[in-house]
Amino acid sequence: MIHTETIHREDGTVEHIDTRIVDACRVFAIAELKRRCTASILAAAPEHRQRNAALGLLDSDAFNAVAGAVQSRRDEYARLHAEIMSVQWDGEEATRAATCNRILSVRWPDDL
């Protein structure tokens, strides 16, 4: 995905303009966050384990392990989502790229 526009001026100078849109960066970051959270939940507690826990087929230790794995990831998702949403853009063109960079810097941790 290309996020810059290159302008070649008659005087020989070249200008690169960041064309990202803040709201699009936010939507992308949240979608990526959801994808990574879902993958992390399924890696820690596969769907069949979650279903067995919901049906009461697991002993209390196994149930608590599944519930804890899911809840810890949901909590991390909520924290990161709030961090993404808290990034505000002042509407100035000069700060748009930095705002997009800040939004996109919020990432799901690799160790979760």
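Residues numbered from 1 in each chain as written. Predicted model: local features only at pLDDT ≥ 70, side-chain atom pairs only at ≥ 80, totals over all residues. Heavy atoms only, no water.

Looking only at helices and strands, the chain has four helices and two strands in total. Relative to the 2.2 N^0.38 estimate, which gives 13 Å for 112 residues, the radius of gyration of the chain is 21 Å and therefore markedly larger than a compact globule would have. Reported as C-alpha extents along the three principal axes, the dimensions of the chain are approximately 75 × 25 × 20 Å. In the chain, which comprises 112 residues, the share counted as buried stands at 27%. Long-range contacts, defined here as pairs at least 24 residues apart, represent 58% of the contacts in the chain between residues at least 6 apart. (Helix = DSSP H or I, 4+ residues; strand = E, 2+ residues; numbered from the N terminus. Rg over C-alpha atoms; globule rule 2.2 N^0.38 Å. Buried < 20%, exposed > 50% of the residue type's maximum accessible area, 1.4 Å probe, protein only. Contact = heavy atoms within 4.5 Å.)

Helix-helix packing: each pair is described by the crossing angle between the helix axes and the interaxial distance. Interaxial distance between helix α2 (residues 47-54) and helix α3 (residues 60-86) falls to 10 Å at its minimum, and their mutual angle equals 120 degrees. One finds that α2 runs oblique with respect to α3. The chirality of how α2 crosses α3 is left-handed. Between α2 and α3, the residues in contact are R49, Q50 and A53 and A62, F63, V66 and V70, respectively. Looking at the contact of α2 with α3 residue by residue, the class counts come to five nonpolar, one polar and one charged. (Axes fitted to C-alpha atoms, helices over the stretch in contact; angles between N-to-C directions. Parallel < 35°, antiparallel > 145°, perpendicular 65-115°, else oblique. Left-handed = near helix turned anticlockwise from the far one by under 90°. Nonpolar A, V, L, I, M, F, W, Y, C, P; charged D, E, K, R; others polar.)

A few words on the side chain of R73. Topologically, R73 is positioned in helix α3. Of the buried charged residues, R73 lacks a salt bridge, with D111 as the closest side chain of opposite charge at 8.6 Å. Those residues within four positions of R73 in sequence are excluded, and the remaining contacts are C37, S40, I41, A44, W108 and L112. (Lys, Arg positive; Asp, Glu negative; His and termini not counted. Salt bridge = Lys/Arg side-chain N within 4 Å of Asp/Glu carboxyl O.)

Here S40 is to be found in helix α1 (residues 22-44). For S40, a relative accessible area of 7% gives the class buried. If sequence neighbours within four positions are ignored, S40 has contacts with R73, W108 and L112. A polar side-chain atom of S40 sits 2.8 Å from a polar atom in the side chain of R73. (Polar contact = N/O pair within 3.5 Å; in protein donor to acceptor, adjacent residues only side chain to side chain.)

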